[in-house]
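The lines below spell out each chain.
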Amino acid sequence: MITDKPRVLIFSAAYYPWVGGAEVALKELTDRLSDYKWELVTVNFDNSQTEQECIGNVLVHRLPGGLWGKYLFPWRAACWAARRHQETPYKLVWAMMANQAGMAAAIFKKRLPVVPFLLTLQEGDDLGSLAYRLRLWGPRLLNVFKLPDRIQAISNYLVTWAKAMGATCPMTVIPNGVDLSKFKVQSSKSKKEEKRDAKIIITTSRLVKKNGIDDLIRSLTFLPDDVVLQILGDGPEKAALKALVSKLGLGPRVSFLGLIESSGLARYLGSADAFCRPSRSEGLGNSFLEAMAMGLPTIGTPVGGIPDFLRDGETGWLARVDDPESIAEKAGYILDANNAAQIRSIIVAAQQLVKSEYNWDHLALRFRMVIDSLVQLD
């Protein structure tokens, strides 16, 4: 009889308090799969975090080194993991993304080929430029795709990319999900009852070029003056986006609200009229799913993993890439009261999709099957 939980080591280039979609996915899944003993090795980016701590069900180990530690992480983490494995063997190593974490797992796998290797793909940047940057690492990087025993990707788009990068192992699409306790699926859109003159388009995005916030701002020039934009998020493009707002004379219509904790995000979504992120590239896009769960009419673009869940005229609306006028056309249709009946039917369809296919409880069960298929118990 097995009394000890199987040990699984996760390689992740970043982890809490540095949080993105990949880190959220790790925590949501490991919180729900408590019959494994989870350990995670990452970088102590600012050297101010504790060397070791428990976060949820995960024992987190941070290797020192600051920003440069990220570039040394593949070799240092692989060596550290090999030593730990000699003390108490791991039943599985799991790499979050085909970056330094994936490379660390590949180096570990080369040394200890009997230990199963699971790679998760969460990449959201343009994969053409990303693949070029990855190849600069040389043949070792390609092992990230050739050595895994299984690949789990958050979209069909990323499965196609993995194959192009040389992956031949079994692959499974398991998307990221939505915490339905925070972003509650409702039969009708939650909306404040007070009268207001403005119609609100909202976006929750990192302020980076690939998210197309500049096109969203430009789309306001094709919409009536009573349509305003709320931008939730921060990033390196913030100054340039503010300058664009000023250049276009849109200051009174655009609000930069900064980073909003997830606990407060639903309140902003619930008081908006439409959600839009006109991405230039996207691995999946959790922000879309959260907006759909809240009953917001949602506008995206047909790139990356977005078409997996956002189907034009069925669960949302798709605007053309790099086309502010197309964004305005979709937003104008949504905000037109004459189209309320069709908008409502699409909102309901989107909510049902999120509830049935993108809730973390359901996804964790699917992910457990992947883990169970790889972990070899004595």
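First, a word on scope: everything that follows refers to the structure included in this document. It should be emphasised that the depicted structure is a prediction, and the values quoted were computed from it without experimental measurement. (Residues numbered from 1 in each chain as written. Predicted model: local features only at pLDDT ≥ 70, side-chain atom pairs only at ≥ 80, totals over all residues. Heavy atoms only, no water.)

**Section: the overall build of the chain**
What the chain contains, in helices and strands, is 13 helices and 14 strands. Compactness check: the chain gives a C-alpha radius of gyration of 22 Å against a globular reference of 21 Å for 378 residues, within 12% of the reference. Once the C-alpha set of the chain is aligned to its principal axes, its extents read approximately 65 × 45 × 40 Å. Classification of the 378 residues of the chain by burial places 56% in the buried group. Put simply, of all contacts in the chain between residues at least 6 apart along the chain, 69% involve residues at least 24 apart. Of the accessible surface of the chain, which amounts to about 16,700 Å², a share of 53% is contributed by carbon and sulfur atoms. (Helix = DSSP H or I, 4+ residues; strand = E, 2+ residues; numbered from the N terminus. Rg over C-alpha atoms; globule rule 2.2 N^0.38 Å. Buried < 20%, exposed > 50% of the residue type's maximum accessible area, 1.4 Å probe, protein only. Contact = heavy atoms within 4.5 Å. Areas by Shrake-Rupley, 256 points an atom, 1.4 Å probe, with all protein chains shown as cover.)

**Here we look at unusual backbone geometry**
In the segment running from tyrosine 16 into proline 17, the intervening peptide bond is cis, with an omega of 15 degrees. Inspection of the secondary structure puts proline 17 in the loop between strand E1 (7-11) and helix H1 (21-32). Of note, methionine 97 is a non-glycine position whose phi angle comes to about 85 degrees, a positive value. With respect to the helices and strands, methionine 97 occurs in the loop between strand E5 (92-96) and helix H3 (100-111). In this model, aspartate 322 sits at a positive phi of 60 degrees, which is unusual for a non-glycine residue.

**Considering the nonpolar core**
Ranked by internal contacts, the top residues of the largest apolar core, which has 70 residues, are Phe11, Phe73, Leu121, Phe145 and Phe309. At seven residues, H3 tops the list of elements feeding residues into this core. (Core = buried A, V, L, I, M, F, W, Y, C linked by side-chain atoms within 4.5 Å.)

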